[in-house]
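# Structural overview for review
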Amino acid sequence: MEQQVDQAQPEKQVFPPSPEFRDAAVARPELYEAAATDRLEFWADQARSLHWHTPFTQTLDWSDPPFARWFDDGELNVAYNCLDRHVEEGNGDRVALLWEGEPGDSRAITYAELTSEVKKAANVLTDLGIEAGDRVAIYLPMIPEAIVSMLAVARLGAAHSVVFGGFSADSLRARIDDAGAKLVITADGGWRKGKVSPLKPAVDASLEPRGDLPAQDTVTNVLVVRRGENEVDWNDRDVWWHEAMADASPEHEAQPFPAENPLFILYTSGTTGKPKGILHTSGGYLTQVASTHRNVFDLHPESDVYWCTADVGWITGHSYVTYGPLANGATQVIYEGTPDAPHSGRWWEIIQKYGVTILYTAPTAIRSFMKLGRQIPEQFDLSSLRLLGSVGEPINPEAWLWYRHVIGADRTPIVDTWWQTETGAIMISALPGVTDAKPGSAQVPIPGITIDVVDDAGTSLDHGDGLLVVSEPWPSMLRGIWGDPDRYRETYWEKFGDRYFAGDGARLDEDGDVWLLGRVDDVMNVSGHRLSTAEIESALVAHHFTAEAAVVGASDETTGQAVVAFVIIKQSQLADAEASDIAAELRSHVAKQIGPIARPRDIYVVAELPKTRSGKIMRRLLRDVAEGREIGDTTTLADTQVMRIIGDKVVR
Ligand code: PRX
């Protein structure tokens, strides 16, 4: 449906679903009614679309808040639900994965083939001593083996901890240690930006003594997929994936595990330097990811070709590449590389090649395509697309409209989905075919989810700006922070008692639609990735040049926010520092310590940092500097001259 865009107020546009879309849509308005009538029964009903070895009789146990138990007496096998079930239902020949490697190699894997690969991998892991309750770290590129590994771990009732391949050896070590992983699954290397980027050396380094740390002692084996064919060192603990798989039996019967059996730990940045291991369990998680994947993406598994561009190293890849789509028997595209390799039309070429119907990506990608210009996507046939999704950060109305107009040919509904690593699955989104879409707003909680916007005192607002809370437990909610129940309670539940505090600011408009306003804590969102200011500050002060550091997220046209660091150089290091390129040195140091995604865009060397009388760094003022604004109110500073000094001494 062609709509005139009001350039002055794009967010005032409303895009109702076309009658054709509405008639064929999976989601129905009755879902809201059912959830409003009996919320728990609504979720129980969603859960019943999974296969339960032992059906549950209880839906929610909230007797020990904030520790929820969903479908507690039920038993299921998550991998069986994503694989064997579809084969047994006669869909074994349906393609599960349409994998495209960056150099142009490709593989199509059916549900029958994927099931057999996962069964073999489960046998390989069993031979390596993995049992229910163990943890397995996965550090792989976007290749089918990443999904096979996750499902093989799940099949055994063990928990995976997927670590994004862009993280450094130090970050990997911290995650392996925290989870006490027994096995690491990695690859020699993967393709990125036209060349092989090695992975195994980081695993080797992470297991060796590091700084003050002795050799890692919980990992007994490293299973190595051959992908990059780059040279790698070989240790006694290493096993080649292809050799182990060649000998493995394709028979493996999935055993039932309790609904609350841990499924995975995924580390995410918080307000302190130490990443939090977010724990998700089985039955409730799979229920909500499958249900939202069906309803929010209007999935017709027999005809759709779905593509979520996220890496499995992030929650979006867990929920909407691995578990949601496979639980629903979808056919999906997986792409190993970057959007611009070997040319900047690569994504559109993939959509054309596979006839992708549903595309789910991040605003930062959309904005960088906007910058390159519409002439690139216009060279490709994108007419197969019928639904577009957005996730990870607020999508500005201009980018929303471009997405719909240039990529969606003014036809496709767009769903802007708000959720978090902690929520496990989509919480706020339009339902395509039901909701009239509003550019820039994530809009309404999905059926069965209760959201409130509250003021600082916790009072619900009818409209206006406040803080986002989830007021009742939901099936895919985090069950805690691995090994740290106190931090779980303090981070999410202390502020508003019985309600979950998401850490996001939000506006409720007159129609009751939610607009996300970004984080209200010291967490940054760079290209849809969460980064902690404290974690980058501690990486900066670990460098011998640095006496003190403060990091802020400054708004950035393409990446949403960018990392901007202010550092004070130690007196004793001044001469050395000045002889080198300080900014380049510190930027590469951060990349080495945490990973390239954390590399600051700008480093300002300053003489002092603005602090309150109690010694707290006033980030608001630093943000003013980083964003080139006039510096705000400085009256609460201990030394009101500091900002002037900073302004004078900035070197970029
Ligand atoms: O600030 C919100 C933002 O991303 C944060 C969660 O980050 P992460 O756990 O890495 O998960 C990202 C993918 C689900 C949120 O606290 N965020 C996520 N989706 C949106 C969003 N902000 C605005 N609009 C969204 N659709």
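This one's a predicted model, so the numbers in the text were calculated from it and none came from an experiment.

Bringing the domain arrangement of the protein chain into the picture now. For the protein chain, the assigned domains are domain 1 (10–506) and domain 2 (527–651). Spacing between the C-alpha centres of domain 1 and domain 2 amounts to 33 Å. Opposite the 19 residues of domain 1 that make contact, domain 2 presents 18 residues. Secondary structure elements with two or more residues in the side of domain 1 that touches domain 2: α8 (169–179) and α14 (363–372). The greatest single-element share of the side of domain 1 that touches domain 2, amounting to five residues, is contributed by α14. Residues of the side of domain 1 that touches domain 2, tallied by class, amount to three nonpolar, twelve polar and four charged.

So, about the site of the ligand. Near the ligand there are 21 residues, and of these Trp 418, Gln 420, Thr 421, Leu 516 and Arg 530 occur at the shortest range. Where the shell around the ligand is concerned, the elements lending two or more residues are α12 (315–327), β20 (414–417), β24 (500–508) and β25 (514–519). Across the shell around the ligand, the residue classes break down as eight nonpolar, eight polar and five charged.

So, on to the environment of Pro 475. Structurally, the position occupied by Pro 475 is in the loop between β22 (464–470) and β23 (480–481). Residues Pro 475 and Thr 423, 52 residues apart in the sequence, show an inter-C-alpha distance of 8.9 Å. In this view, Pro 475 contacts Trp 43, Trp 70, Gly 284, Thr 287 and Gln 288; residues no more than four positions away in its chain are not counted.

Next up on the list: the sheet that holds β25. Backbone hydrogen bonds hold the strands of a sheet together, and the pairing may be parallel or antiparallel. If you walk across this open sheet you meet the four strands as β21-β22-β24-β25, and the pairing is antiparallel. Among the strands making up the open sheet, the edge pair consists of β21 (451–454) and β25. In this sheet, neighbouring strand axes are inclined to one another by 45° on average, regardless of whether the strands run parallel or antiparallel.

With that settled, consider the UniProt feature "domain: AMP-dependent synthetase/ligase" (unreviewed entry) in the protein chain. What UniProt calls "domain: AMP-dependent synthetase/ligase" (unreviewed entry) maps, in this numbering, to residues 89–482. Counting secondary structure, residues 89–482 comes out at 29% helix and 23% strand; the distance between its end C-alpha atoms is 36 Å.

Analysis parameters
Residues numbered from 1 in each chain as written. Predicted model: local features only at pLDDT ≥ 70, side-chain atom pairs only at ≥ 80, totals over all residues. Domains from an automatic or database assignment. Contact = placed C-beta atoms within 7 Å. Helix = DSSP H or I, 4+ residues; strand = E, 2+ residues; numbered from the N terminus. Nonpolar A, V, L, I, M, F, W, Y, C, P; charged D, E, K, R; others polar. Near = placed C-beta within 6 Å. Pairing = 2+ DSSP bridges. Axes fitted to C-alpha atoms, helices over the stretch in contact; angles between N-to-C directions. UniProt positions renumbered as here; feature names shortened; annotations may be inferred.

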